[in-house]
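# Descriptive structure summary
Below, each chain spelled out in residue letters.
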Amino acid sequence: TLSSSSAASDVYKRQGINAEYGDKMFSSLFGSNCTVDIQLFDIEKRKTVEVQTEKGAQRLYVFTETEPIKGKVIASVKSGKKIEHQGIKIDFIGQIELFYDRGNHYEFTTLTKELSPPGVLNGDAQFEFDFTSAEKQYESYNGINVRLRYFLKFSVVRSLATNITKELDVWVINFQSPPEINNSIKMEVGIEDCLHIEFEYGRSKYHLKDVIIGKIYFLLVRIKIKYMEIALIKRESTGSGPNLYNESETLTKYEIMDGAPVRGESVPIRLFLGGFDLTPTYRNVHNKFSVKYYLNLVLVDEEDRRYFKQQEITLWRKSSGLSVNAMAQPEDREKNRTCLLYTSPSPRDS
């Protein structure tokens, strides 16, 4: 389907008409004399991903940061009709949309290819494009309060009528090299004279298909613990200052111990990440949003008092060509001494 230009949307707003409804009304009254199809080259074996959008589920082709985006546009004008235009172009756009600020879209990259000078469009016309040098420094992301998208926008520019436009989204992922430093995490937490535990995770940085391996050591136990659980939490932060929004989502949670432990006991942890829909850790993307991941350790006593400690971990995207040996662990460790946080009693989650 074709969409109206921003000028038409402004007209709809002034008249108090919803933009989408206005487009449909315009199309039903006057019809469309031109159909546009954007086709990408070399897509037979290209991976696709299904993305949920406002228009429902869409399947998008996946590109990496270094891959060129090439293709062609086929514009077909109805027989006996012609369209006078002020030029034809196609843009490759990288854009961030904050859902609490829907009126403003933040474009961090825009590359334009002029396809035709001003003239007349009739019959069938075909235009090829090549965005070999298009910058794709960020990954595509579709979150709770923010969306980062890359898309092609074809435009037939007209002076006395709305522009004819067509968009096609693509999905971008970027592979990363293994971290040069990947310290293990070793931390002692507790409540003075009541509970001291030490938890240890093999690494602080994990690729998206990795396995988190760790142990919990009980050094002092003077309260009656009923059970212990661990959760993987995703936290999305958007905006800044008074417009800062944090959304936390528990991706998985499971019990790792049932019953009271004794001093000297250890509990193993093994969490496979491959079964979850994860992204790499994003830090302050274009000063608009961040995505971080945490391991949340929770202990519950017999009075349903909950003690918890969160530890951030870093996730990164591993290329399928990387060797397993590249993930060798350094012997360096981070050791900290902190306190468990306590919350009021609450019913045990089912």
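The preceding data block contains the structure.
Thresholds, definitions, all that
Residues numbered from 1 in each chain as written. Predicted model: local features only at pLDDT ≥ 70, side-chain atom pairs only at ≥ 80, totals over all residues. Heavy atoms only, no water. Helix = DSSP H or I, 4+ residues; strand = E, 2+ residues; numbered from the N terminus. Buried < 20%, exposed > 50% of the residue type's maximum accessible area, 1.4 Å probe, protein only. Contact = heavy atoms within 4.5 Å. Areas by Shrake-Rupley, 256 points an atom, 1.4 Å probe, with all protein chains shown as cover. Salt bridge = Lys/Arg side-chain N within 4 Å of Asp/Glu carboxyl O. Phe/Tyr/Trp six-rings, centres within 6.5 Å; stacked < 30°, edge-to-face > 60°. Lys NZ or Arg CZ within 6 Å of the ring centre and 35° of its normal. Pairing = 2+ DSSP bridges. Axes fitted to C-alpha atoms, helices over the stretch in contact; angles between N-to-C directions. Core = buried A, V, L, I, M, F, W, Y, C linked by side-chain atoms within 4.5 Å.

Attention now moves to the overall build of the chain. Helix and strand counts for the chain come out as two helices and 24 strands. The buried share of the chain, reckoned over its 350 residues, is 42%. Residue pairs in contact within the chain that sit at least 24 positions apart in sequence constitute 69% of those at least 6 positions apart. Surface accessibility of the chain: about 19,300 Å² in total, with carbon and sulfur atoms responsible for 46%.

Turning next to the pattern of salt bridges. Any two side chains of opposite charge can pair if their charged atoms end up close together. If you walk through the whole model with that rule in mind, you get 16 salt bridges. Sharing partners across several salt bridges, the network here consists of Glu97, Arg147, Arg149, Glu167 and Asp169.

A separate point is the packing of aromatic side chains. Describing an aromatic ring pair means giving the distance of the ring centres and the angle of the ring planes. Applying the stated criterion across every chain, the model contains eleven aromatic pairs. When the ring of Phe92 is compared with that of Phe131, the centres are 5.9 Å apart and the planes differ by 35 degrees; the resulting orientation is tilted. Placement of the pair is Phe92 in strand β6 (residues 88-98) and Phe131 in strand β9 (residues 124-131), with a sequence separation of 39 residues. Given the relative accessible area of 1%, Phe92 is considered buried. Geometrically, the ring pair formed by Tyr100 and Tyr245 is tilted, given 4.7 Å between the ring centres and 35 degrees between the ring planes. Of the two residues, Tyr100 is situated in the loop between β6 and β7 (105-116) and Tyr245 in strand β18 (residues 245-258); the sequence distance between them amounts to 145 residues. Overall, Tyr245 belongs to the partly exposed group, its relative accessible area being 35%. In textbook terms, an aromatic cluster arises when at least three aromatic residues are bridged by ring pairs, as seen for Phe92, Phe108, Phe129, Phe131, Tyr138 and Tyr150. When the ring centre of Phe63 is taken as origin, the NZ or CZ atom of Arg46, which lies over that ring, is 4.0 Å away.

A separate point is the sheet that holds strand β1 (residues 34-40). Read across the open sheet, the three strands follow the order β1-β4-β9; overall the sheet is antiparallel. Of all the strands in the sheet, just β1 and β9 have a single pairing partner and so form its edges. Pairwise comparison of adjacent strand axes, ignoring direction, gives a mean angle of 15 degrees for this sheet. Pairing between strand β4 (residues 69-77) and β9: eight bridges, direction antiparallel. Residue pairing for β9: Gly71 is matched across the bridge by Phe129.

Time to look at unusual backbone geometry. For Asp193, which is not a glycine, the phi torsion comes out positive at approximately 65 degrees. Topologically, Asp193 is positioned in the loop between β13 (184-191) and β14 (195-201). Residue Asp304 is not a glycine yet carries a positive backbone phi of 60 degrees. By secondary structure assignment, the location of Asp304 is in the loop between β21 (289-301) and β22 (306-316).

Further remarks concern the nonpolar core. Grouped together as the largest cluster of nonpolar side chains are 69 residues, with contacts concentrated most on Leu121, Phe154, Ile216 and Phe218. If we skip the residues at most four places from it in the chain, Ile216 touches Ile197, Glu198, Phe199, Met228, Ile256, Glu265, Ser266, Val267, Ile269 and Leu297. Core analysis: the second largest hydrophobic core is formed by five residues, Val51, Leu60, Val62 and Trp171 among them.

This next bit is on the environment of Leu195. Here Leu195 lies in strand β14. Along the backbone, Leu195 and Leu219 are 24 residues apart, and their C-alpha atoms lie at a distance of 7.6 Å.

The subject of this paragraph is the pairing of β13. Within β13, seven of the eight residues are buried, leaving the element largely enclosed by the surrounding structure. In terms of strand pairing, β13 meets β14 through seven bridges, oriented antiparallel. Bridge pairing in β14 links Gly190 to His196. Counting the residues that bridge the hairpin from β13 to β14 gives three residues, and of these Asp193 lies at a positive phi of roughly 65 degrees.

Further remarks concern the environment of Trp316. Structurally, the position occupied by Trp316 is in strand β22. Among the residues examined, Trp316 registers a relative accessible area of 4% and is labelled buried. Between the alpha carbons of Trp316 and His207 there is a distance of 4.7 Å; along the sequence they are 109 residues apart.

Moving on: the pairing of strand β11 (residues 146-156). Counting buried positions along β11 gives ten out of eleven residues, so the element sits mostly inside the fold. For β6 and β11, the ladder comprises eleven bridges, and the chain directions are antiparallel. If you follow Leu98 over to β11, its bridge partner there is Val146. In this sheet, β11 lies alongside strand β10 (residues 141-142) in antiparallel orientation, the contact comprising two bridges. Bridge assignment links Tyr141 to a residue of β11, and that residue is Leu148. Following β10, the chain reverses through three residues before pairing antiparallel with β11. Sheet topology places β11 next to strand β12 (residues 164-173); seven bridges connect them, and they run antiparallel. Residue pairing for β12: Phe154 is matched across the bridge by Lys166.

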